[in-house]
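Single-letter residue listing:
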Amino acid sequence: MSSLAQNVTAAEVKALAKRLGADLVGISPMSRWEGAPKQNDPRYIFPGAKSMIVLGFRIPRGLLRGIEEGTRFLDYPGMGYASLNQVYGPMVLWKLNAFLEERGYESIPYLNSNGGDCINPVTGMFRQGLSRPVAEGKPFPDILVHFRIAAYLAGLGEFGWSKVFLTPEFGPRQRFALMFTDAELEPDPIYTGKICDRCMECVKHCPGKAISATETVKTVIGGVEVEWAKRDELACSESFREGGLKR
């Protein structure tokens, strides 16, 4: 942060982000990441960051129509996934970053990428041997921030039974983009409402039969205990890559 930094409020940041095209905006203090594994903790990327800005971009309902009808499968992965992650979201982050830089703050726009081959699909952990820390006590490059956890910490919604993130506005239909900044912005409270009603439709319709109807995983995020269904990560990975044909 520059010594000549101008005062910027959370309300200004949110209003600008929505004018630029974000549908949802939430803000979290970086301190809510306390207790996160090193490999997923964005504070190692930018130790001086004070706030995390999380932007949500709606996935149009119509992009799922061709999948439901069995007639066109390209619309969702093209427009509802890749375009939001790699084109539209980054452009909004780019302009929001320029706004903060011009007012004397440093910010990091964070690309929405799952790390690909860096992650073991069974354990969910960083694959050993692909990289090494640049100094003792530091995590492996690259730090992989969990976008759904980021959205939860920024107060945008909750985890459903399947671990898919749900918001009051769009249910499961959104993609997220992140920014870390040394601007100290008023945070949003963690969401305390209830969206998922445990109907178990996700268990019934999962093509990989990867979601348990009875067993759960519990963890503490931002000082709050959260729970979702235990999943067979290998079955999930195989089903995602192969359309569930083996199962």
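Residues numbered from 1 in each chain as written. Predicted model: local features only at pLDDT ≥ 70, side-chain atom pairs only at ≥ 80, totals over all residues. Heavy atoms only, no water.

### A look at the nonpolar core
Here is step 1: With 29 residues, the main nonpolar core has W33, M52, V54, Y152, L178, F180 and I221 as its most contacted residues.
Here is step 2: Breaking this core down by element, the ones donating at least two residues are β2 (51-58), α4 (147-153), β6 (174-181) and β8 (224-231).
Here is step 3: Tallying contributions element by element places α4 first for this core, with 6 residues.
Here is step 4: With residues near it in sequence (within four places) discarded, L178 still touches I53, V54, L93, I108, P109, Y110, V145, F147 and A150.
Here is step 5: Counting 24 residues, the second-largest nonpolar core is a separate cluster that includes L16, I27, F57 and L185. (Core = buried A, V, L, I, M, F, W, Y, C linked by side-chain atoms within 4.5 Å. Buried < 20%, exposed > 50% of the residue type's maximum accessible area, 1.4 Å probe, protein only. Helix = DSSP H or I, 4+ residues; strand = E, 2+ residues; numbered from the N terminus. Contact = heavy atoms within 4.5 Å.)

### Description of the pattern of salt bridges
Here is step 1: Scanning the entire structure with this criterion turns up 11 salt bridges.
Here is step 2: Its salt-bridge partner being R72, residue D75 comes within 2.8 Å of it at the nearest N-O pair.
Here is step 3: In this structure D75 comes out as partly exposed when scored by relative accessible area, which is 22%.
Here is step 4: Across the pair E215 and K230 runs a salt bridge, and its minimum N-O distance is 3.8 Å. Here E215 is found in strand β7 (residues 211-221), whereas its partner K230 is found in strand β8, with 15 residues between them in sequence.
Here is step 5: Judged by its relative accessible area of 45%, E215 falls in the partly exposed class.
Here is step 6: Looking at K230, the relative accessible area reads 41%, which means it is partly exposed. (Salt bridge = Lys/Arg side-chain N within 4 Å of Asp/Glu carboxyl O.)

### Some thoughts on helix α3 (residues 75-102)
Here is step 1: The largest bend in α3 amounts to roughly 70° and is located at L84.
Here is step 2: Turning to α3, its buried residues number three or more, namely G80, L84, N85, G89, V92, L93, L96, N97, F99 and L100.
Here is step 3: Residues of α3 that are buried make contact with α1 (10-20), β2, β3 (107-110) and β6.
Here is step 4: Two residues or fewer after α3 comes G104, characterised by a positive phi angle close to 95°. (Bend = angle between axes of the 7 residues up to and from the residue.)

### Some points on the state of the cysteines
Here is step 1: Here the structure, examined in full by the defined rule, presents 0 disulfides.
Here is step 2: Of all cysteine sulfurs in the structure, the one in C196 sits closest to C199, which takes part in no disulfide; the separation is 6.4 Å.
Here is step 3: A relative accessible area of 47% means that C199 is categorised as partly exposed.
Here is step 4: Between C236, a free cysteine, and C206, which holds the nearest cysteine sulfur, the sulfur-to-sulfur gap is 6.4 Å.
Here is step 5: What makes C236 partly exposed here is its relative accessible area of 29%. (Disulfide = S-S within 2.5 Å.)

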